[in-house]
Amino acid sequence: MSNLSEDLVFLVLKYLDEEGYKEAAHMLERESGLYFDMNYFEELMLSGKWDEAEKYLSGFTKLNDNKYSTKIYFEIRKQHYFEALDKKCRAEALDVLTNDLQVFAKGNEELFKEMTQLMTFENIREHESLSMYRDTKSARKVMMKEIKRVIEANPIFRGRLEFPIVKGERLRRLINQSLNWQHMQCEDPHQNPAIDTLFVDHVCDPQVCIQHSPSIENNAKPSQTISYQSPACSVKSSLSTVAQYASRIGGSFPAKNPATKVIEDSDVLSKRMPIVTVDEVTSTITDHGQNHISELAISKDLPSTVIRTLNEGSSPVSMDFHPVWLTVLLVGTSAGEIGLWDVSCGGKMVARNFNVWDLGACSMALKVALEKDSHVSVNRVLWSPDGFLFGVAYSKHVVQLYSYIGGDELDQILEIDAHLGGVNDLAFSSPEGELLVITCGDDRTIKVWDVVSGNRCFTFEGHDAPVYSVCPHIKDNIPFIFSVSTVGRIKVWLYDNLGDRIDYDAPGLGCTKMAYSADERLFSCGTSKGGESYLVEWDDTVGCFKRVYKGLGPNPLSAVQFDITRNQLLAAGDDHMVKFWHMDNTQLLKAIDADGGLPANPHIRFNSDGTLLAVSSSGNQIKILANANGLDLLQGCGNDSIDASGVESETSRKNGNVAEVNSKTTGEATYGEKAWETIERPSQCQSLQLCADVKRTKISKLIYTNAGDAILALTSNAIHLLWKWPQNDLSSSGKATTKVQPLLWRPTSGLQLMSNDLSSTNPEETMPCFALSKNDSYLMSASGGMISLFNVISFKTMRKVMAPPPAATCLAFDPRDNNVVAIGMDDSTIMIYNARLDKVTNALAGHTKRVTSLAFSTSMKSLVSSGADAQIFVWNADEWKIQKSKALQIPDGSKLRALLQIPDGNKLRALSDSDTHVQFHEDQLHFLIVHKTHLAIYEVKELGCVNKWVSDSSEPISHATFSCDSQTVYASFVDGTIGIFDASVLVLCCRIKPSAYLPADISYTVYPLVIAGHPQKPTQFAVGLSNGEVHVLEPLESEGEWGILPTVKRNLESSAPAKTTFQGFLYE
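The structure contained in this document is the topic of the report that follows. Please read all numbers here as calculations on a predicted model, not as lab measurements.

**Focus: the overall build of the chain**
Here comes step 1: The secondary structure content of the chain amounts to 18 helices and 57 strands.
Here comes step 2: Expressed as a percentage of the 1068 residues in the chain, the buried residues total 55%.
Here comes step 3: For the chain, restricting intrachain contacts to residue pairs at least 6 apart in sequence, the fraction spanning at least 24 positions comes to 55%.
Here comes step 4: A total of about 45300 Å² of accessible surface is found on the chain, and carbon and sulfur atoms cover 50% of it.

**Considerations on the pairing of strand β50 (residues 945-950)**
Here comes step 1: The element β50 is extensively covered by neighbouring structure, given that six of its six residues are classed as buried.
Here comes step 2: Here strand β49 (residues 934-939) runs beside β50; their pairing, made up of five bridges, is antiparallel. Within β50, the position partnered with A936 by the bridge is K948.
Here comes step 3: In sequence, β49 turns back onto β50 through a hairpin of five residues, with L943 there showing a positive phi of about 55 degrees.

**Considering the sheet that holds strand β48 (residues 926-931)**
Here comes step 1: Across the sheet, which stays open at both edges, the four strands sit in the order β47-β48-β49-β50 with antiparallel pairing between neighbours. Edge positions in the sheet fall to β47 (917-920) and β50, since each of these pairs with one other strand and no more. Averaged over all neighbouring strand pairs, the angle between strand axes comes to 15 degrees, with direction disregarded.
Here comes step 2: Sheet analysis places β47 next to β48, joined by four bridges and oriented antiparallel. For Q919, the partnering residue across the bridge sits in β48 and is L928.

**Here's the deal with a nonpolar patch on the surface**
Here comes step 1: A contiguous nonpolar surface patch, about 460 Å² in accessible area, is contributed by I175, L198, F199 and V200.
Here comes step 2: As for its position among the elements, F199 is in the loop between α9 (170-184) and α10 (238-241).
Here comes step 3: The class of F199 is exposed, set by a relative accessible area of 80%.

**What about the nonpolar core?**
Here comes step 1: Grouped together as the largest cluster of nonpolar side chains are 39 residues, with contacts concentrated most on F36, F41, M45, Y81 and L101.
Here comes step 2: Mapped by element, the contributors of at least two residues to this core are α3 (38-46), α4 (50-58), α5 (67-86), α6 (90-100), α7 (109-117) and α8 (136-153).
Here comes step 3: Take this core: its biggest share by element is eight residues, from α5.
Here comes step 4: Beyond its immediate sequence surroundings of up to four residues, Y81 is in contact with A93, V96, L97, L101, M115, T116, L118 and M119.
Here comes step 5: Counting residues in hydrophobic clusters, the runner-up holds 30 residues, among them L690, L779, F795 and V1010.

**Remarks on the environment of Y133**
Here comes step 1: Within the secondary structure layout, Y133 lies in the loop between α7 and α8.
Here comes step 2: Not counting residues up to four positions away in its chain, the partners in contact with Y133 are Q79, F82, E83, D86, I124, R125 and A139.
Here comes step 3: At a separation of 3.3 Å, a polar atom in the side chain of Y133 contacts the side chain of Q79.

**What to know about α6**
Here comes step 1: The complete set of buried residues in α6 reads A93, V96 and L97. Projection of α6 onto a plane perpendicular to its axis shows the buried side chains occupying an angular sector of 95 degrees, all on one side.
Here comes step 2: On its buried face, α6 is in contact with α5 and α7.

Reading guide: rules and limits
Residues numbered from 1 in each chain as written. Predicted model: local features only at pLDDT ≥ 70, side-chain atom pairs only at ≥ 80, totals over all residues. Heavy atoms only, no water. Helix = DSSP H or I, 4+ residues; strand = E, 2+ residues; numbered from the N terminus. Buried < 20%, exposed > 50% of the residue type's maximum accessible area, 1.4 Å probe, protein only. Contact = heavy atoms within 4.5 Å. Areas by Shrake-Rupley, 256 points an atom, 1.4 Å probe, with all protein chains shown as cover. Pairing = 2+ DSSP bridges. Axes fitted to C-alpha atoms, helices over the stretch in contact; angles between N-to-C directions. Patch = residues over 30% accessible without salt bridge, like charges linked within 9 Å, V, L, I, M, F, W, Y side chains within 5 Å. Salt bridge = Lys/Arg side-chain N within 4 Å of Asp/Glu carboxyl O. Core = buried A, V, L, I, M, F, W, Y, C linked by side-chain atoms within 4.5 Å. Polar contact = N/O pair within 3.5 Å; in protein donor to acceptor, adjacent residues only side chain to side chain. Arc of directions from axis to C-beta.

Given below as structure tokens:
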């Protein structure tokens, strides 16, 4: 089957699944053999539908294909046989034995004979090998776990266990694109074509054109009033000529260099507008948003009330709010000054005038320009997506990058002599994981720079006029850059040296800026040389307009500035006002004058959650406008002097303490603010100390078994402790619980406890590590010496490998193959060890200091590593090559040293200054980073920081982990406190004091070193203490979950759009 044929099958499977045709989908899976649905197969197995399971399996492999396939069929039939015997169905059992199991007898005569003898047993548990056989349900789960392992190891199933990433309704989309193309070929295309069938090509019947009366303005279509050319008005063959390029950036665009004749006949223009809907074929000029939009509700959400006026020393020309600190505003002025304002109090925190940092390193052209005219203005200021850096583009040659982490200090990071003439715009992008800055200028070029080294990565040439703006984006995993010249020519570039892929004209052929909204919609706003302004939404899949927004007036002096906010609003500074539109409605929603005094085209900027709007004003002023939530935000930041007239504040109607919402609304919670429930008495939670009759030192590592019925700990003196829960009336499932004391497990063979090699190491100077296999059968562990491979059932040491130096510092089993282990070393390397072959198959180099943590992502086929060098690396788990890397932003040294202080003057030995721990989220697309100063959640694909929580107290974080459903983060602190966070926003919701789970007479220096979450119970976790104890904690049964104060619950709900859940992460 060809690749395209396979793709078509996957598209049909996706369609069948979306439409609910489950049985048809599974039949196609079986008949095509392209995708094995493990979940469906497991469902059949666990429900005992043996014949259906074998029928489904037969579409992919036959019994005698290989030894793996033979074992799969044997396990299925063996379980069927056992269950028939257990139910006393002798006839059914005999039928399975003689017809199904007989085929395995050859070469396995003794086994078959033994299985035949089971027919004589009254109870199969009387047989020695089946003494542990519990019940049907648990036996099926055990069998399924084993079959899964065999299927994953079976080469026949390679490439068939994961469904390719396919966007929703992709087949429907392709059909609609085909209809679009067919409609564009029509000689006389209708505005609202009737599509009655897909069995034949679409052709519009000839129609008589009717001229609409100009008086019927409200019913006129946008295309009937536009007098400039749409980019879609190229020749009919234009789309096909660039299909090979357009497909690389997720859609089709008009042909390069299309005809530019202005079409005055609006009726002809309307005929050329293609169709761009998904669910049904209708004209793009249909304005779906003009119906059923509650303008009253939207108007209340507008930041329209002036609550603060900032006085700059010169005219503001560019502004940008910090992506995390929602009240921090970066401003650039016409005099070349940059300033950082805290709009909550109206104070300027930092101000810097333009100066060249290293004049000796500058080009002669820059020196001459400065000597001729020393005046320099700011053209653009912009924060990086994570908020750690900001860039400044100046009117002469230079781009400067600064770092800001709070307070009144700016750190100079990079100065680039970027362009001849002015630098008109800049943007940040991370196409391959490395942060880049993109600039454009008067020299008609676009340049891409590495922000770390300052090296120029790419130079894009091709514009015939100065480049006015750039807009980088990533779509369908393809990164690209839009650029627009001052004459309105739009070009699209990929990150290579092959030139522009596509170009076409912006409406009005003037200075235009483009921007994507948070929901992937593309907008542009520009002004022609004649002063006509155009605000439009594009369909970037076909390169034409979806909407043209009405209400902009003539602007002969300067280009209109616009901005987008995530709550579906567009805004533009026009005609001494700020004008607003809802994205789905072309009609002007509202216009405000901000109490007057605005210039003709004011500069505007929303903060990231759309609650505040900064507007440049006459007299070198900036007005801060807010909606009700914006006023709450500023009051929550401690501002009591805001003029709240005209704003109905939601906070004024609440009785809660405003300080409690501060950490949520600013995007960073702090350990010092009290906006959580505190548990400080044993009666407020359930806890259990695990008993052990062996001498032990501090707990260095802690983990639950994957089955959830045991806890495994590694002490600093290299001894492993395994506690198993019995199955009894108080715990019928045998899972870990605080109601039943588990037993410290010792093997019946009489072997001692599992212990690591310590022959040549000092326990206090090692980084103990271990990893448990997916089936809980094997343990790899090290405590500074050789790495030991243990059989967890028998405690037998199976093998010792890799004598130091270097010593192992972290371990992780590859979930796809229990025989493959990633081993981080203290010399900064990562070894890929194959236990079956007993050799290192790959050595990975990238870190510069010891590797401190490893984690595999099954869905991304990636390995993530972190190290003492504060670097994160993402490795391809098939080829073992670096995919992406990123440097973590660690607080400055003074804060770090403060966090290192521990009672009695001791130092935290669990982690050194930059040691980090990584753990994957349940969705396998995001991961948690744990450092003693902060917690952060990153996404794997681009290594973007999604959420971050920074400790504001003097107590460092000792460890943290996700709950099994990844909805909660449990973190332990060096003062003995345990913090419980909402993982979707990293807000501290509950705080457990040591007095709630530790005896009253215990030393105050005892604290949790490690913390582990139960693999099936999201509310249960265990902590390993510095005195060698292990405690299990659960909420009270009456509560059912760890409590959250009503104020926090309300704030989490009210601010949900600002920080979405893992289904739709937004960068900070």
